[in-house]
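The residues making up each chain are set out below.
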Amino acid sequence: MTKKQLSSRSTRKSLWKLLIILTLGACILGLFRISNSTSPRISPRISSQFYSGNPKIAFLFLARRHLPLDFLWQTFFENAVFANFSIYIHSEPGFVFDESSTRSSFFYNRQLSNSIKVGWGESSMIQAERLLLGAALEDPANRRFILLSDSCVPLYNFSYIYEYLMTSPKSFVDSFLDKKEGRYNPKMSPVIPKSKWRKGSQWIALVREHAEVVADDEIILPVFRKFCKRRPPVDVSKGKLNSKIQKQHNCIPDEHYVQTLLAMSDLEGELERRTVTYTSWNQSATKMETKGWHPFTFSYANAGPEQMQKIKDINHVYYETEFRTEWCSNNSTLVTCFLFARKFSKGAAMRLLSDGVVGRFDISTLLSNSEP
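A quick note: this is a predicted structure, and the numbers were derived from the prediction, not measured.

Conventions we followed
- Residues numbered from 1 in each chain as written.
- Predicted model: local features only at pLDDT ≥ 70, side-chain atom pairs only at ≥ 80, totals over all residues.
- Heavy atoms only, no water.
- Pairing = 2+ DSSP bridges.
- Helix = DSSP H or I, 4+ residues; strand = E, 2+ residues; numbered from the N terminus.
- Axes fitted to C-alpha atoms, helices over the stretch in contact; angles between N-to-C directions.
- Parallel < 35°, antiparallel > 145°, perpendicular 65-115°, else oblique.
- Contact = heavy atoms within 4.5 Å.
- Buried < 20%, exposed > 50% of the residue type's maximum accessible area, 1.4 Å probe, protein only.
- Right-handed = clockwise from strand over helix to strand, strands pointing away.
- Salt bridge = Lys/Arg side-chain N within 4 Å of Asp/Glu carboxyl O.
- Arc of directions from axis to C-beta.
- Disulfide = S-S within 2.5 Å.
- Nonpolar A, V, L, I, M, F, W, Y, C, P; charged D, E, K, R; others polar.
- Core = buried A, V, L, I, M, F, W, Y, C linked by side-chain atoms within 4.5 Å.

Trainee: Please provide a residue-by-residue account of the sheet that holds strand E4 (residues 153-154), values included.
Mentor: In space, the three strands of this open sheet follow the order E4-E15-E10, with mixed pairing throughout. In this open sheet, the two edge strands, each paired with only one partner strand, are E4 and strand E10 (277-279). Across two bridges, E4 lies against strand E15 (residues 340-342) in antiparallel orientation. Along E15, the bridge assignment pairs Pro-154 with Phe-340.

Structure (structure tokens):
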């Protein structure tokens, strides 16, 4: 073979190598562009695996608009170690917590910037809960996550609640088998089998690992959005059409979602299957038939020391559908069941303060201030 032929052959090999390299480069660049165009960029959550700082409780307030009992929470947080808690509020979109809308500086600018419009009995309620959890999980110091309504009050001072929650390795989630009301929709199967369907109070207290499961769920939530919907209330103006409406499937998402999700994730063994937030339900058969089940609202008259002590003395909960008595325990030690209670009026909260339930308070300072 001549020197000229060898040179030509070497040149062709070099060109082929260059062509292969360029082709591979183009493919990799194409895949990168496709990936970027179809998947939104998500900032990774800060890992808390090796976090060794001061553990905090994240107080997650689910509010309609403002927090009417902010004056009570002001006293509660004043008696706390600032490094031991954080606050997040889901309010109506655009509402800002500042000196013009709240009496408590602890709530200034604690509202979520991505809040949504929430409707009772709709999946938007559980979406709001997930937004609160997602925001709180951005801080690796947050180790416990408590969901509270705008009518909730603490039954003890901060130090007691902090120790109660931090010494337990479990989440507190009211969860039981729902056999009576028929809220399970067979169309949820096979994603959600009936054996995993649970019911309970939406007022939960989660450890971080369980909060991540709820915030990151992309499998159970879409099924709830599609098949767990509240039946429209009776409308007299619709006449006979009401009978057809009342045959529709009826499901209240926030009373089932977290409980069912954790059951589906095989995490029930890591739960205290009860809530730490007390609710007194109207159980009158007559009223129930006409108005349905509603939580009792505490007023100034029925929020005295005796009534509060009765709540504090509760040490077990009975679940009729499971024939189960849940004795309230914390790390295998019997304890009182409830740390918070709802629904409390402004007058009831004032009485709690005057009686020194959450700390010393001069009611005259509140009465001299106007409603925000």
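From this point, the discussion proceeds with the structure in view.
Trainee: Which residues make up the packing of helix H5 (residues 208-216) against helix H8 (residues 257-264), and what values go with them?
Mentor: Two numbers describe how H5 lies on H8: the axes approach to 10 Å, and their chain directions differ by 105°. As the angle between them shows, H5 and H8 are arranged roughly perpendicular. Packed against H5, whose contacting residues are His-210, Val-213 and Val-214, the element H8 presents Tyr-257, Val-258, Leu-261 and Leu-262 at the interface.

Trainee: I'd like a rundown of the pairing of strand E1 (residues 56-62), residues and numbers included.
Mentor: Burial runs high along E1: seven of the seven residues are buried. Residues Lys-56, Ala-58, Leu-60 and Leu-62 line one face of E1 and the alternating positions Ile-57, Phe-59 and Phe-61 line the opposite face, and both faces are buried. Bridge analysis of E1 against strand E3 (residues 142-149) gives seven bridges, and the strand direction is parallel. Looking across to E3, one finds that Ala-58 is bridged to Phe-145. Taking the sense of rotation as the criterion, the β-α-β connection linking E1, helix H2 (residues 70-78) and strand E2 (residues 85-90) turns out right-handed.

Trainee: Which residues make up the pattern of salt bridges, and what values go with them?
Mentor: Note that side chains of opposite charge can pair when their charged atoms are close. On inspection of all chains with the given rule, the structure shows twelve salt bridges. In this structure, Arg-65 engages Glu-92 in a salt bridge whose closest nitrogen and oxygen atoms are separated by 2.3 Å. Placement of the pair is Arg-65 in the loop between E1 and H2 and Glu-92 in the loop between E2 and helix H3 (123-137), with a sequence separation of 27 residues. Classification of Arg-65 by relative accessible area gives partly exposed; the value is 41%. When its relative accessible area of 23% is taken as the criterion, Glu-92 is described as partly exposed.

Trainee: I'd like a rundown of H5, residues and numbers included.
Mentor: Of the residues making up H5, those classed as buried are Arg-208, His-210, Ala-211, Val-214 and Ala-215. Each buried residue of H5 sits inside an arc of 160° when the element is viewed along its axis, so together they form one side.

Trainee: Go over the state of the cysteines with me, naming the residues and quoting the values.
Mentor: Per the counting criterion, the structure on display carries two disulfides. Covalent S-S linkage joins Cys-228 and Cys-251, the inter-sulfur distance amounting to 1.9 Å. Its torsion about the S-S bond being -75°, the disulfide of Cys-228 and Cys-251 is classed as left-handed. Here Cys-228, found in the loop between helix H6 (220-227) and helix H7 (241-245), pairs with Cys-251, found in the loop between H7 and H8; they are 23 residues apart in sequence, far enough to count as distant.

Trainee: Tell me what's going on with the packing of H3 against H6, and back it up with residues and numbers.
Mentor: Axis separation between H3 and H6 bottoms out at 9 Å; the angle between their running directions is 155°. The angle between H3 and H6 places the two elements in the roughly antiparallel class. From H3, Ser-123, Ile-126, Gln-127 and Arg-130 reach across to H6, where they touch Leu-221, Phe-224 and Arg-225. Its residues assigned to classes, the contact of H3 with H6 comprises three nonpolar, two polar and two charged.

Trainee: Please set out the nonpolar core residue by residue, giving values where relevant.
Mentor: Core analysis: the largest hydrophobic core is formed by 54 residues, its most contacted members being Phe-59, Trp-73 and Phe-344. Elements with a minimum of two residues in this core: E1, H2, E2, E3, helix H4 (158-166), helix H10 (305-312), E15 and helix H11 (346-354). If you tally residues by element for this core, the top one is H4, at six residues. Grouped together as the second largest cluster of nonpolar side chains are 38 residues, Leu-60, Leu-112, Val-223 and Phe-227 included.

Trainee: Which residues make up unusual backbone geometry, and what values do they have?
Mentor: The linkage connecting Ser-189 with the following residue, Pro-190, adopts the cis geometry, with an omega of 10°. Examined against the element boundaries, Pro-190 turns out to sit in the loop between strand E6 (176-177) and strand E7 (198-199). Between Arg-342 and the following residue, Lys-343, the backbone shows a cis peptide bond with an omega angle of -5°. Secondary-structure assignment places Lys-343 in the loop between E15 and H11. Look at Asn-331: it is not a glycine, yet its phi comes out positive at around 55°. Take Asn-331: it is sitting in the loop between strand E13 (329-330) and strand E14 (333-334). Accessibility expressed as a relative area gives 48% for Asn-331, which makes it partly exposed.

By themselves, these figures tell us nothing about what the structure is for.
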